[in-house]
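Survey of secondary and tertiary structure
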Amino acid sequence: MRKIAFVILFFTLLGLRAQTYEVGVFAGGANVIGDVGRTNFILPSNLAFGGLFKWNKSKRYAWRGSLTYGKFTANDNKASTNSRRQRGYVADNSVLEASAGLEFNFVEYNLHKLGPAFTPYIYTGATYFRYDYNFFNDVGEFVYANQKDGGFAIPMIVGVKYRINQFLIFGAEIGARYTFTDNLDASNPVKLNVSEFFNPSFGNVFSDDWYVFSGLTLTYTFGRKPCMDCFE
């Protein structure tokens, strides 16, 4: 029994030595898909930036955590539909999210082996986000100012990453977040106490909003490398 426990402990410690960690930054743009403005899936309207951390558990997957902030503007005047252009609403908002989940590599991605490393990847997990919004009436007066809300979202990210050298990894990714709210553009503020004579909701109240972060990543990799990988 002691021998079995020793073998398990040995391989556990060997696996821990083989782990590689990454820490880095994300920079790009953000856009929203909702009831105001354009309906393009990828069309950043403002900046997004953040930080990320990865724990490469194997050549096929990595645990990932990130913190990202982005701003977006949705403008009916730039929409492709006549009804939105005639309405002329504009929504300015910002989103701060924290996300954790699993990144899966399509090909084996060995950061311990000398030479280049490249792979496409997908990521999903759980995201919690906070956002602010203001609501104006038809004559441009504040009705509800500096409202804050939050909720959970499901991230769906696709990207590619390439090791530039022994320590730096460059990537590009596009990630849509499906939210469980219809109010990122202030089109359905259900938590507000409104009178029966004033209903601020508009658009399709049965369709939840999405927001998208697209951009570039640069991470620094560190961690002890097993010697058996150094000479492959």
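Before any of the text, the structure's been laid out above.
Predicted model, so just to flag it, every value in this text is computed and none were measured.

When helices and strands are tallied, the protein chain shows 3 helices and 8 strands. Beginning at the N terminus, the succession of helices and strands in the protein chain can be written as α-β-β-β-α-β-β-β-β-β-α. The burial tally for the protein chain puts 39% of its 232 residues in the buried class. For the protein chain, the computed accessible surface area is about 13100 Å², with 64% contributed by carbon and sulfur atoms.

Applying the stated rule across the entire model yields 7 salt bridges. With its nearest N and O atoms 2.8 Å apart, the salt bridge here joins Glu 103 to Arg 64. Of this pair, Glu 103 sits in strand β4 (residues 90–105) while Arg 64 sits in strand β3 (residues 61–75), and the two are 39 residues apart along the sequence. Between Arg 177 and Glu 97 there is a salt bridge whose closest N-O contact spans 3.0 Å. Pair noted here: Arg 177 is in strand β7 (residues 168–179) and Glu 97 is in strand β4, with a separation of 80 residues, a long-range link. A residue is classified by how much of its surface remains accessible, and Glu 97, at 0% relative accessible area, is buried. Each member of the salt-bridge network shares a partner with another, and the members are Lys 54, Arg 64, Glu 103, Lys 161 and Glu 173.

Before going further, it helps to examine the packing of aromatic side chains. Evaluation of the coordinates by the stated rule reveals 14 aromatic pairs. Consider the rings of Tyr 21 and Trp 55, whose centres lie 6.1 Å apart with planes at 25°: the pair is stacked. Linking Tyr 21 in strand β1 (residues 20–33) with Trp 55 in strand β2 (residues 46–56), this pair joins segments that are 34 residues apart in sequence. Note on Phe 167 and Tyr 220: the rings are 5.7 Å apart at their centroids and 15° apart in plane angle, and the pair reads as stacked.

Going through the model one piece at a time under the given rule, you end up with 1 cavity of 30 Å³ or more. The computed volume of the largest cavity comes to approximately 60 Å³. Elements supplying a minimum of two residues to the lining of the largest cavity: β2, β3 and β7. For the lining of the largest cavity, the per-class residue count stands at 2 nonpolar, 4 polar and 3 charged.

The subject of this paragraph is the environment of Ala 176. Here Ala 176 is to be found in strand β7. Assessed through its relative accessible area of 3%, Ala 176 is described here as buried. Sequence separation between Ala 176 and Val 212 is 36 residues; the distance between their C-alpha atoms is 4.4 Å. Residues within four places of Ala 176 in sequence aside, it is in contact with Phe 41, Ile 154, Pro 155, Met 156, Trp 210, Tyr 211 and Val 212.

Bringing the environment of Tyr 121 into the picture now. Considering the arrangement of structural elements, one finds Tyr 121 in strand β5 (residues 118–136). In this structure the C-alpha to C-alpha distance between Tyr 121 and Lys 161, which are 40 residues apart in sequence, comes to 7.8 Å. Among residues more than four places away in sequence, those in contact with Tyr 121 are Arg 64, Glu 103, Phe 104, Asn 105, Phe 106, Ile 157, Val 158, Gly 159, Val 160, Lys 161, Ala 172 and Glu 173. A polar atom in the side chain of Tyr 121 sits 2.6 Å from the side chain of Glu 173.

Bringing the nonpolar core into the picture now. In terms of nonpolar packing, the biggest core is built from 19 residues, with Val 95, Phe 129, Tyr 131, Leu 184, Tyr 211 and Phe 213 touching the most fellow members. For this core, the elements supplying multiple residues, two or more each, are β1, β2, β3, β4, β5 and β8 (210–222). When neighbours within four sequence positions are excluded, Val 95 is seen to be in contact with Thr 68, Tyr 69, Gly 70, Phe 72, Phe 129, Arg 130, Tyr 131, Leu 184 and Tyr 211.

Let us look at the environment of Leu 52. Assignment of secondary structure puts Leu 52 in strand β2. It is 6.5 Å that separates the C-alpha atoms of Leu 52 and Leu 67, two residues lying 15 residues apart in sequence.

Turning our attention to the side chain of Ser 99. In this structure, Ser 99 sits in strand β4. A residue is classified by how much of its surface remains accessible, and Ser 99, at 7% relative accessible area, is buried. For Ser 99, the side chain forms a polar contact with the side chain of Tyr 123, separated by 2.8 Å. Of note is the side chain of Ser 99, whose polar atom sits 2.9 Å from the side chain of Thr 127.

Basis of the calculations
Residues numbered from 1 in each chain as written. Predicted model: local features only at pLDDT ≥ 70, side-chain atom pairs only at ≥ 80, totals over all residues. Heavy atoms only, no water. Helix = DSSP H or I, 4+ residues; strand = E, 2+ residues; numbered from the N terminus. Buried < 20%, exposed > 50% of the residue type's maximum accessible area, 1.4 Å probe, protein only. Areas by Shrake-Rupley, 256 points an atom, 1.4 Å probe, with all protein chains shown as cover. Salt bridge = Lys/Arg side-chain N within 4 Å of Asp/Glu carboxyl O. Phe/Tyr/Trp six-rings, centres within 6.5 Å; stacked < 30°, edge-to-face > 60°. 1 Å grid on protein atoms, 1.4 Å probe; cavity = no way out; pocket = protein on both sides within 12 Å on 5 of 7 lines; lining within 4 Å. Points joined across faces, edges and corners; volume = space filled by probe spheres on them. Nonpolar A, V, L, I, M, F, W, Y, C, P; charged D, E, K, R; others polar. Contact = heavy atoms within 4.5 Å. Polar contact = N/O pair within 3.5 Å; in protein donor to acceptor, adjacent residues only side chain to side chain. Core = buried A, V, L, I, M, F, W, Y, C linked by side-chain atoms within 4.5 Å.

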